[in-house]
Amino acid sequence: MTGEVSAGDASAKKVVIVGAGPAGIAAADALRAADHTGEILIFGEERHAPYDRPPLSKQILAGTWLPEKAQLRTSEQLAAADVTLHLSVRVASVDVEAHQVTLESGEQVAYDALIIATGVTVRVLPFGHQLEGVHVMRTLDDALALRSHMETSQHLAVIGAGFLGAEVAAVARSLGREVTLIDPLELPMQNVVGDEVGSMIADLHRHHGVNLELGHGVASIEDNLGRATGVTLDDGRTVPADAALVAVGARPAVDWLHSSSVPLTAPKEPGAGGIRCDSSGRAADDVWAIGDVAAWWDPTLERHVRVEHRMTANEHARSCAHDILELAPTAAKSVPYFWSDQYDLKLRSFGLPSRQCSFHVVEGDLADRRFVAAYTDESDRIVGTIGAGMFKAMNWWRQQILDGQTLGEALRLKQSAENSA
Amino acid sequence: MRIELDQDACVGSGNCVVSAPDVFDQRDDDGIAFLLEENPSAERESAVKEAEAMCPALAIRVHKK
């Protein structure tokens, strides 16, 4: 059975969404908001009702929110929107030419439009994960397991000082645990925030009593009768740890697509192994990809970009819903956004800052942790900002990214605005 | 139309301020959004709906009266 619809009747298309995370749910919302009336089926492999991920390493781990507060939609809300959600179901493959997906059970499901929103899968170490006390953090079950384990553990080793690792280290300190934060790079979050902001974050963790082991890889995880007892660094020292979080990144969940004609970007090229999409999220005939798994063509940067940001999921969802329904593209052009809460620092970033950019503090003072920093490319164009404690100013700088402004021009604009004020 | 804003969930993205600047504003020090208008007029609906859809923290709910 196929749900083939005639041209001009895009609003009746049968849409299958693979992935019940924020991107998948937002896509269903966006379709209905744009008056789509056709069937919507969502397949999610987890057992939980759809939930939001950013709170996992923050409020859920800290125990200040119950898991229900992170829930994206109740079954009543989905039913009211006439969206059919199948949980604990893994989609095994897709046949683009035949317009159908095959579930792990062997059942085949036809579609008029397919939206792939399978997100990312955690990377793991080649050792240690079989031990009791060694955790990863991607799902709600992961967060609850770490939270539960931390109730009885004394010393947490966090392997990987990216956002996730840094946030978990902060939460664990606030819960009174001894924390060691380990990373082969010299500073936390260094690849994204660069040396200056990275140093500030390192100082913040030091100030809160975190033992920083930066510039070190991990050689092995020690155990006693299957329970983790310590993490051995590449210089041979062992730091005590009766709990460990491995937070060494994630990769696109695309293994199920290797047998299909859905195109992927190479892991080390722009797009970082994500599904290769055009600037509307279209990957193949009647196939779209959104959220963390999707590498959309960015016409401004002239390359594929895959961004693991919560807000990108919403933007992709709205844009692809309009494309599926053959409506005019969504007008609102936005910039990538991420936030990271560590202790009382609320770090906010717009655009795509990176360690390779030139760094300029343009408002406030880094030492006060109240600042806006601009990250510029080789032609002085502002490609990203990171700031804290100055939200009005951050919004102004965000607009400069949208306008493709150079730093020189932005500073002149700011000066003349201040002179006329 | 009535707007419900969960300040405990708000992450200070400022999206709502960009989408509907006459309905939302945000505190300068922590970015938490607040309402300028709890019951905006009907012509604000599309802007407010956009703010609801784009909020990365799902902190905005628009209730139709």
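Residues numbered from 1 in each chain as written. Chains lettered and ligands numbered in written order. Predicted model: local features only at pLDDT ≥ 70, side-chain atom pairs only at ≥ 80, totals over all residues. Heavy atoms only, no water.

With respect to the packing of helix α7 (residues 310-324) of chain A against helix α2 (residues 45-54) of chain B
Running from N to C, α7 of chain A and α2 of chain B cross one another at 125 degrees; their axes reach a closest spacing of 9 Å. If you check the angle between α7 of chain A and α2 of chain B, you find them oblique. Where α7 of chain A approaches α2 of chain B, its residues M311, N314, E315 and R318 of chain A are matched on the opposing element by E50, A53 and M54 of chain B. Residues that form the contact of α7 of chain A with α2 of chain B fall into these classes: 3 nonpolar, 1 polar and 3 charged. (Axes fitted to C-alpha atoms, helices over the stretch in contact; angles between N-to-C directions. Helix = DSSP H or I, 4+ residues; strand = E, 2+ residues; numbered from the N terminus. Parallel < 35°, antiparallel > 145°, perpendicular 65-115°, else oblique. Contact = heavy atoms within 4.5 Å. Nonpolar A, V, L, I, M, F, W, Y, C, P; charged D, E, K, R; others polar.)

Focus on the interface of chain A and chain B
In this assembly, 25 residues from chain A lie in contact with 24 residues from chain B. Linking chain A with chain B are 4 salt bridges, by the criterion used here. Measuring nitrogen to oxygen at the nearest pair gives 2.5 Å for the salt bridge that ties K69 of chain A to D6 of chain B. One can count 16 residue pairs in polar contact (both at pLDDT 80 or more) joining chain A with chain B. Secondary-structure elements contributing two or more residues to the side of chain A that touches chain B are α7, β23 (337-342), β24 (345-351) and α8 (391-402) of chain A. Grouping the constituent residues of the side of chain A that touches chain B by class yields 10 nonpolar, 4 polar and 11 charged. (Salt bridge = Lys/Arg side-chain N within 4 Å of Asp/Glu carboxyl O. Polar contact = N/O pair within 3.5 Å; in protein donor to acceptor, adjacent residues only side chain to side chain.)

Points about the sheet that holds strand β5 (residues 100-103) of chain A
Residue and element names in this part refer to chain A. Taking strand neighbours across the sheet as the criterion, the 3 strands line up as β4-β5-β6 in an open arrangement whose pairing is antiparallel. Looking along the sheet, the strands with just one partner apiece sit at the ends: β4 (91-95) and β6 (108-110). Across the sheet, the mean angle from the axis of one strand to that of its neighbour is 25 degrees, orientation sign disregarded. Relative to β5, β4 is paired through 4 bridges, and the arrangement is antiparallel. (Pairing = 2+ DSSP bridges.)

Considering helix α6 (residues 190-207) of chain A
All names here are of chain A. End to end, α6 covers just 18 Å across 18 residues, shorter than the expected 26 Å (1.5 Å per residue, more than 12% under). Where α6 bends most, at E196, the angle is about 85 degrees. Inspection of α6 places Q190, V193, G194, V197, G198, M200, I201, A202, L204 and H205 among the buried residues, and these make up the whole buried set. At the exit of α6 stands G209, carrying a positive phi of roughly 90 degrees. (Expected span 1.5 Å × (residues − 1). Bend = angle between axes of the 7 residues up to and from the residue. Buried < 20%, exposed > 50% of the residue type's maximum accessible area, 1.4 Å probe, protein only.)

What to know about the domain arrangement of chain A
Residues and elements named next belong to chain A. Examined at the domain level, chain A breaks down into domain 1 (10-121 + 251-324), domain 2 (124-248) and domain 3 (344-420). Using only C-alpha atoms to locate each centre, domain 1 and domain 2 end up separated by 30 Å. In this assembly, 15 residues from domain 1 lie in contact with 15 residues from domain 2. Approximately 1400 Å² of surface area, both sides summed, lies buried where domain 1 meets domain 2, with 63% of it carried by carbon and sulfur atoms. Run the count over domain 1 and domain 2 and you get 3 salt bridges. Summed over the shared surface of domain 1 and domain 2, the number is 10 residue pairs in polar contact (both at pLDDT 80 or more). Taken together, the residues of the side of domain 1 that touches domain 2 sort by class into 7 nonpolar, 3 polar and 5 charged. (Domains from an automatic or database assignment. Buried area = accessible area lost by both parts, 1.4 Å probe.)

Looking at the environment of A410 of chain A
Residue and element names in this part refer to chain A. By the element assignment, A410 lies in helix α9 (residues 407-420). Separated by 178 residues in the primary sequence, A410 and T232 place their C-alpha atoms 48 Å from one another. Apart from the residues within four sequence positions on either side, A410 is in contact with I382, W396, W397, Q400 and Q405.

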